[in-house]
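Overview (structure and organization)
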Amino acid sequence: MIDFQEPATAGQNGVLPVKLAGLPHSTAVPVKGSVSTATVDDFAGNWSTFKFAPIRESQVSRAMTRRYFADLDHYAESDIVIVGAGSCGLSAAYCLAKARPDLKIAIIEAGVAPGGGAWLGGQLFSAMVMRKPADAFLREVGVAYEDDGPESNFVVIKHAALFTSTVLSKVLQFPNVKLFNATTVEDLITRSNGNGGIRIAGVVTNWTLVSMHHDDQSCMDPNTINAPVIISTTGHDGPFGAFSAKRLVSMGGLEALGGMRGLDMNSAEDAIVKGTREVSPGLIIGGMELSEVDGANRMGPTFGAMALSGVKAAEEALRIFDVRKQECAEEGIAY
Ligand code: AHZ
């Protein structure tokens, strides 16, 4: 929090400088290649001589496009793709990136804003409830919570946005993670498994704004990302939700959807965490998307199962990774 303090001395032009005391300089994230030692306190009282460094517009353009296209190139072959950056997908990404810094992890999120339904609690209220023992995940990522003691069966985070922004910021700081937001998974890449079945071997992507216009514009073909393991956490059915589950059914990889059942917090959370698994070879489904596969109950505004389903999805991904990667290698096509 920025703490505006009374200045001790007058700055340039006799203006009393407003010190931005309390900024955690000592814990500031190191900036790659930075040579400047200036702090924001140095600006105080010096605004008349303040000036930004000169720039040409093309520098800004190239700074963005060079990196984005390098990322598209780098992640065209990913190790793990996570579809959907809601509470479950972000939790899975955190665990995977931390456990395996050697793996390339791409997150594809249809929305401009990652976080899914985890920016607010139930009915647009602020607080986020997590049933124990999911408080272990909060301690892992460093999110403060209220706990009424050992007798209490849940903990409360004062604002859901504190959970989501913390996990998101941790995930984005891992060097082996790339978030492609405003990008939709439109289809799955499939391979025959030789027994009449399929193996999922990547995702088919497009800008979300393009995806939304397939009905009124023609010939807007997609892009692709190959990966031996996909984790789908696209939430329950809705305009975008349950994407991979529905696509599996439509292409015969899954017989039918179970359909999400009514709300029952007690059965729902255990069922989602325990059921998080490889639903079809190469495709793990977790979070509320799984309720559509298994016919599990919904839990409404209690988020412990989303965090721990993410933890389990990461564990499942690492369990199957070598086998699925070997199958990709046996396709005999160099990458
Ligand atoms: O934008 C979606 C959201 O951010 C994204 N998504 C959906 N389809 C996609 C696609 N390509 C890329 N085809 C896609 N991204 O997936 C994210 C899903 O987040 P979510 O918060 O809806 O799902 P979750 O399973 O992580 O958390 C569910 C939270 C709920 S709903 C619920 C209930 O109704 O009972 N209870 C809880 C805890």
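One structure accompanies this document, and this report is about it.

Helix and strand content of the chain: 9 helices and 16 strands. By the burial criterion, 41% of the 335 residues in the chain qualify as buried. Sequence separation of 24 or more characterises 70% of the internal contacts of the chain that already satisfy a separation of 6 or more. Per element, the accessible surface of the chain, about 18,200 Å² overall, is 57% carbon and sulfur.

Axis separation between helix α7 (residues 265-275) and helix α9 (residues 304-329) bottoms out at 8 Å; the angle between their running directions is 10°. Accordingly, the angle class assigned to the pair α7 and α9 is roughly parallel. Crossing handedness for the pair α7 and α9: right-handed. Facing E269, I272, V273, K274 and G275 of α7, the residues of α9 in contact are G304, A305, M306, L308, S309 and K312.

In the vicinity of the ligand there are 28 residues, among which E109, G117, M288, R298 and G300 approach most closely. For the ligand, an oxygen atom lies 2.9 Å from a polar atom in the backbone of M288. For the ligand, an oxygen atom lies 3.3 Å from a polar atom in the backbone of M299. Within the complex, the protein chains bury 90% of what would otherwise be the 800 Å² of accessible surface of the ligand. Among the secondary structure elements, those contributing two or more residues to the shell around the ligand are α2 (87-99), β4 (105-109) and β9 (183-192). With 3 residues, the single largest contributor to the shell around the ligand is β9. Its residues assigned to classes, the shell around the ligand shows 11 nonpolar, 15 polar and 2 charged.

Among the nonpolar cores identified, the biggest contains 73 residues, and I80, V81, I82 and M130 are the most heavily contacted of them. When near neighbours in sequence (up to four residues on either side) are disregarded, I82 contacts G89, A92, A93, L96, I105, A106, I107, I108, I231 and T233.

According to the stated counting rule, one finds 15 salt bridges in the structure shown. It is possible to trace a salt-bridge network through shared partners that takes in R191, R199, E278, R324, E327 and E331.

Turning our attention to the sheet that holds strand β8 (residues 177-181). Reading across the sheet, the 6 strands line up as β8-β4-β3-β12-β15-β14 and stay open at both edges, with mixed pairing between neighbours. Looking at strand neighbours, the two that pair on one side only are β8 and β14 (277-280), the edges of this open sheet. For this sheet, the mean angle separating the axes of adjacent strands, direction not counted, is 25°. Of the pairings in the sheet, the one linking strand β3 (residues 80-83) to strand β12 (residues 229-232) comprises 4 bridges and is parallel in character. Following the sheet pairing, I82 is matched in β12 by I231. Contacting β4 and β8, helix α1 (residues 57-75) runs over the sheet at an angle of about 115° to β8. Across the face of the sheet, α2 comes into contact with β3, β4, β8 and β12 while running at roughly 160° to β3.

Cut-off values and rules
Residues numbered from 1 in each chain as written. Predicted model: local features only at pLDDT ≥ 70, side-chain atom pairs only at ≥ 80, totals over all residues. Heavy atoms only, no water. Helix = DSSP H or I, 4+ residues; strand = E, 2+ residues; numbered from the N terminus. Buried < 20%, exposed > 50% of the residue type's maximum accessible area, 1.4 Å probe, protein only. Contact = heavy atoms within 4.5 Å. Areas by Shrake-Rupley, 256 points an atom, 1.4 Å probe, with all protein chains shown as cover. Axes fitted to C-alpha atoms, helices over the stretch in contact; angles between N-to-C directions. Parallel < 35°, antiparallel > 145°, perpendicular 65-115°, else oblique. Left-handed = near helix turned anticlockwise from the far one by under 90°. Near = heavy atom within 4 Å. Polar contact = N/O pair within 3.5 Å; in protein donor to acceptor, adjacent residues only side chain to side chain. Nonpolar A, V, L, I, M, F, W, Y, C, P; charged D, E, K, R; others polar. Core = buried A, V, L, I, M, F, W, Y, C linked by side-chain atoms within 4.5 Å. Salt bridge = Lys/Arg side-chain N within 4 Å of Asp/Glu carboxyl O. Pairing = 2+ DSSP bridges.

Read these as geometric descriptors, not functional statements.
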